[in-house]
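Tertiary structure, described
Read off the chains here:
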Amino acid sequence: MKDKNLLHNNGNNSTHLITPYGGELIDLTVSGDERTKLIKKANSFCSIQLTLRSLCDLELLATGAFSPLLCFMGEEDYYSVLKDMRLKDRTLFPIPITLPVSENASFKIGDDIALRDLRNDLIAVMKVKEIFKKDLQEEAKCVFGTTDVRHPLVAEMYTWGEKYISGPIKIINLPKHYDFKELRLTPSEVRKLLSKMGYSNVVAFQTRNPMHRIHEELTKRAANEINGALLIHPVVGLTKPGDVNHYTRVRSYKELINKYYDSKRTVLSLLPLAMRLAGPREALWHAIIRRNYGANHFIVGRDHASPGKDSRGKPFYSPYDAQNLLKEYGDEIGVKMTPFNELVYLTEEDRYEEHDKVPEEVKKVKISGSEIRNLLEKGKELPEFFIRPEVVDVLRELHPPRHKQGFCIWFTGLPCTGKSTIANVFVEKLAEHGRQITVLDGDIVRTHLSKGLGFSKEDRDTNILRIGFVASEIVRHNGVAVCAAVSPYREVRNEVRNMVGDDKFILVFVDTPLEVCEERDSKGLYAKARRGEIKNFTGIDDPYERPVAPEITVITTKSTPEENALEIINHLKQEGFLVSS
């Protein structure tokens, strides 16, 4: 790599910004005759339809946000990044950027392939140079520090293809975006804007949530402390499941920045990043990305890029792990860590101050995103020292009170545990509260939504993910999805949780001993399975993976279906999804 700490001149009358990571900004796009010829040839190539995650990665590779990467990582880079957070040439890079494909992919090394988006539009052409097997367990342990499928990315990785591919890429068309086009700026475009502002120092702020007054105060202070410009750089690709959608967030950012920030030193730009929620490694990665956009300072708070809690209710990462890792490598990557210190509002002085600097006896109020969500969901007024009224107006459109929001009740357990029976009783009791309910029973779904699927693991996973997708859409529109399906595999249940959103997904484990299930089996399926007439039957010759930490466990041998249903109703009342009469 070239000297990473050189400053970079972006043109006439412009300020010197820090150079891109590696010395130059990568640009993989092609134009003119080369582009025209590739478009004609691509129709005869084998095609890959990219997932949204891979599409985000490809866009950031194309525009140089992942500089110095020139393509998806090959095998040497992949394993070097897992082990040492470094590419094979020893350049620090903490996150593997890979392209998964199916084991049955119909191309080979040396082939040209077309990379297409979800609408099958042509994005790029790749010359396949490597095809290699991923190591899911090693990747999870190294990058995320866990193999717990409660981590959204660990669960998602089980649904990826078995192999990764790599090779030179030529971008024909960048992915199309029709929303907020004026804010979808490439690294080069952001650098030009920052450069014209007249500041050599730039501090970047990463966010995937609406911004409240503490965010506002902290970002302004950070820019003042370095006498520099401020890059507000929210993620609009893939964020944490259950986050506020980016359309709502960006509308709130625009309101805030247009009215309360200095336009002569502030840039708002959207980042089409697919987050990994990898905590410390992710913070380091985010800092490298922001360097490519022109920033040499990066704000990192507690629990940066955290996925929340694991299956046992403990945080995946310690609160300051991310800050500490960026401090350790900040000099090497040329980006200084700016800590997001805890601020409080001093009620009698009408100002904000760092918590550690305020005497115990002084009246103060803490502000958090969770508290703001809590007040919104209860329909209560939010004081202006918490959050700007313009932001509240935008958020209220998306945040009805909790008892009017959607949620998913997901019943899981062995065949013949009584899932459907309890679900039917529960639905009648829930209907008393006036909620709009859709029932997705496993047997009924297989007749309609999943007709033709068998009982292999792959087909079972497909069936559950289909149910999960429908449930997530119902919940997104503030309906109630009641799903009853064996759903034997832990990682797929967690993938559904991620689709719906952790805070709106209630897993009900119907815990019934195997021998009792066999006694209740009026269809004789267990007996056929024991005789070998049915293969891959859950509980006999195919495993059922018990949930580690379900929201609710009902034991059918000790309670009636009605008592089980009432237990779920009471849980919903405690969580605010239902109001007591």
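For the structure itself, look to the data block above.
Residues numbered from 1 in each chain as written. Predicted model: local features only at pLDDT ≥ 70, side-chain atom pairs only at ≥ 80, totals over all residues. Heavy atoms only, no water.

**Digging into the environment of Asp521**
Test applied: Runs of E in the DSSP output that reach at least two residues are strands. Runs of H or I that reach at least four are helices, and both are numbered from the N terminus. Three labels apply to residues, based on accessible area from a 1.4 Å probe with only protein chains included: buried if under 20% of the type maximum, exposed if over 50%, partly exposed otherwise in between. Under the rule applied, a polar contact is a pair of N or O atoms within 3.5 Å (in protein, one hydrogen donor and one hydrogen acceptor; residues adjacent in sequence only if both atoms are side-chain atoms).
Relative to the elements of secondary structure, Asp521 occurs in the loop between helix 17 (514–520) and helix 18 (525–530). On the basis of relative accessible area, Asp521 is assigned to the buried category, the value being 10%. Counting along the chain gives 106 residues from Asp521 to Pro415, while the straight-line C-alpha distance between them is 8.3 Å. A polar atom in the side chain of Asp521 sits 3.2 Å from the backbone nitrogen of Gly524.

**Looking at the environment of Glu34**
Mapped onto the fold, Glu34 is located in helix 1 (residues 32–42). Between the alpha carbons of Glu34 and Lys170 there is a distance of 9.7 Å; along the sequence they are 136 residues apart.

**As for the nonpolar core**
The criterion, for reference: By nonpolar core we mean a set of buried residues, namely Ala, Val, Leu, Ile, Met, Phe, Trp, Tyr and Cys, connected to one another through side-chain atoms within 4.5 Å. Residue contacts are defined here by distance: any two heavy atoms, one from each residue, within 4.5 Å place the two residues in contact.
With 85 residues, the main nonpolar core has Phe66, Phe93 and Ile97 as its most contacted residues. With near-sequence residues (within four places) excluded, Ile97 lies in contact with Asp57, Leu61, Phe66, Leu69, Phe72, Met73, Arg276 and Trp285. With 35 residues, the next largest nonpolar core counts Met211, Leu270, Ile387 and Val391 among its residues.

**Regarding the pairing of strand 18 (residues 407–412)**
Spelled out, the test is: In this description, strands pair whenever DSSP reports at least two bridges between them.
Judged by how many residues are buried, strand 18 sits mostly within the fold: 6 of 6 residues are covered. With burial as the criterion, each face of strand 18 is covered, one bearing Phe407, Ile409 and Phe411 and the other bearing Cys408, Trp410 and Thr412. As judged from the 5 bridges shared by strand 18 and strand 20 (residues 480–484), these two strands associate in the parallel manner. Across the sheet, Trp410 pairs through a bridge with Cys483, a residue of strand 20. Sheet topology note: the strand 18/strand 21 (residues 505–511) ladder contains 5 bridges and is parallel. Residue pairing in the sheet places Cys408 in a bridge with Phe505 of strand 21.

**Re the sheet that holds strand 19 (residues 437–441)**
To keep things clear, this is the line we draw: The axes used here are C-alpha line fits, helices contributing only the stretch in contact, and every angle between their N-to-C directions lies in the interval 0 to 180 degrees.
On the basis of which strands lie adjacent, the open sheet formed by 5 strands has the order 19-20-18-21-22 and parallel pairing. Looking at the sheet topology across the chains shown, the edges are occupied by strand 19 and strand 22 (552–555). This sheet shows a mean twist of 15° between the axes of neighbouring strands, independent of strand direction. Pairing of strand 21 with strand 22, which is carried by 4 bridges, proceeds in the parallel orientation. Each residue of the ladder has a partner; that of Phe509, found in strand 22, is Thr553. Docked against the sheet, helix 16 (residues 490–500) engages strand 18 and strand 21, running at close to 150° with respect to strand 21. Most of the contacts of helix 19 (residues 561–574) go to strand 22, to which it runs at about 165°, and overall it touches strand 18, strand 21 and strand 22.

**Things to note about the side chain of His304**
Secondary-structure assignment places His304 in the loop between strand 13 (297–300) and helix 10 (321–333). For His304, a relative accessible area of 10% translates into the label buried. Of the polar contacts made by the side chain of His304, one reaches the side chain of His286; its length is 2.9 Å. Residues within four places of His304 in sequence aside, it is in contact with Gln206, Gly279, Ala283, His286, Phe298, Ile299 and Ala322.

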